[in-house]
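In case you want the letters, here they are:
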Amino acid sequence: MTTYEVTLKKEPCDGIFACLTRDPRFVEDDDGLATIDPDGDPVYDGDGEVETVDGDVIATFDDDRIEEARQAAAACPTNAIVVEEVDR
């Protein structure tokens, strides 16, 4: 398993939602922009920790789904998503 952080920078997010089609953990937030919900995938029962820091959403996962998060980041036209492996 890989431990990784997914950072969603809310300021550049335009609510285009290309990320939602690549990784179902990305969902629409009440503000009309994207957010991260570890329980957002109806098929995969995963765990993750989510926090908000200076308006950005940072989720930490320890699973085998980093490629889905990377695909979501690559699909984001505003480059609002960053995926990084971390040591824990």
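Residues numbered from 1 in each chain as written. Predicted model: local features only at pLDDT ≥ 70, side-chain atom pairs only at ≥ 80, totals over all residues. Heavy atoms only, no water.

A. Focus on the overall build of the protein chain. Each helix and strand counted, the protein chain has one helix and six strands in total. When the helices and strands of the protein chain are listed from N to C terminus, the series reads β-β-β-β-β-α-β. In terms of overall size, the protein chain behaves like a compact globule, its C-alpha atoms giving a radius of gyration of 12 Å where 88 residues would be expected to give roughly 12 Å. Out of the 88 residues in the protein chain, the part that is buried amounts to 40%. A separation threshold of at least 6 residues defines the contact pool for the protein chain, and within that pool the share at least 24 residues apart is 59%. (Helix = DSSP H or I, 4+ residues; strand = E, 2+ residues; numbered from the N terminus. Rg over C-alpha atoms; globule rule 2.2 N^0.38 Å. Buried < 20%, exposed > 50% of the residue type's maximum accessible area, 1.4 Å probe, protein only. Contact = heavy atoms within 4.5 Å.)

B. Highlighting empty space enclosed by the protein. All chains considered together, the criterion is met by one cavity of 30 Å³ or more. In this structure, the largest cavity occupies an estimated 90 Å³ of space. In this structure, the largest cavity is lined by 15 residues; those nearest its centre are Cys13, Ile16, Phe17, Cys76 and Thr78. Here the lining of the largest cavity is composed, by residue class, of twelve nonpolar, two polar and one charged. (1 Å grid on protein atoms, 1.4 Å probe; cavity = no way out; pocket = protein on both sides within 12 Å on 5 of 7 lines; lining within 4 Å. Points joined across faces, edges and corners; volume = space filled by probe spheres on them. Nonpolar A, V, L, I, M, F, W, Y, C, P; charged D, E, K, R; others polar.)

C. Helix 1 (residues 66–75), seen in detail. By the burial criterion, the buried members of helix 1 are Ile66, Ala69, Ala72 and Ala73. Seen along its axis, helix 1 keeps its buried residues to an arc of 120°; they face one direction. The secondary structure elements touched by the buried residues of helix 1 are strand 1 (2–8), strand 2 (26–28), strand 5 (56–63) and strand 6 (81–85). (Arc of directions from axis to C-beta.)

D. Up close: the pattern of salt bridges. The tally for this structure, following the rule as stated, stands at eight salt bridges. Put simply, Arg25 and Asp23 hold a salt bridge, and the shortest N to O gap is 2.7 Å. Taken individually, Arg25 and Asp23 each receive the classification buried, so the pair is uniform in this respect. Taken together, the shared-partner salt bridges in this structure form one network comprising Lys10, Asp29 and Asp31. (Salt bridge = Lys/Arg side-chain N within 4 Å of Asp/Glu carboxyl O.)

E. Local environment of the side chain of Asp63. Mapped onto the elements of the fold, Asp63 is located in strand 5. Reaching out from Asp63, the side chain makes a polar contact with the side chain of Tyr4 at a distance of 2.6 Å. Among the polar contacts made by the side chain of Asp63, one reaches the main-chain amide nitrogen of Arg65 at a distance of 2.9 Å. Contacts of Asp63, omitting those with residues within four sequence positions, involve Met1, Thr2, Tyr4, Arg25 and Tyr44. (Polar contact = N/O pair within 3.5 Å; in protein donor to acceptor, adjacent residues only side chain to side chain.)

F. Structural view of the nonpolar core. Counting residues in each nonpolar core, the largest one holds 20 residues, and the members touching the most others are Tyr4, Val6, Leu8, Phe26, Ile36, Ile81 and Val83. Elements that contribute at least two residues to this core include exactly strand 1, strand 3 (34–36), strand 5, helix 1 and strand 6. With four residues, the top contributor of residues to this core is helix 1. Those residues in contact with Ile81 that lie beyond four places of it in its chain are Val6, Thr7, Leu8, Cys19, Phe26, Ala72, Ala73 and Cys76. (Core = buried A, V, L, I, M, F, W, Y, C linked by side-chain atoms within 4.5 Å.)

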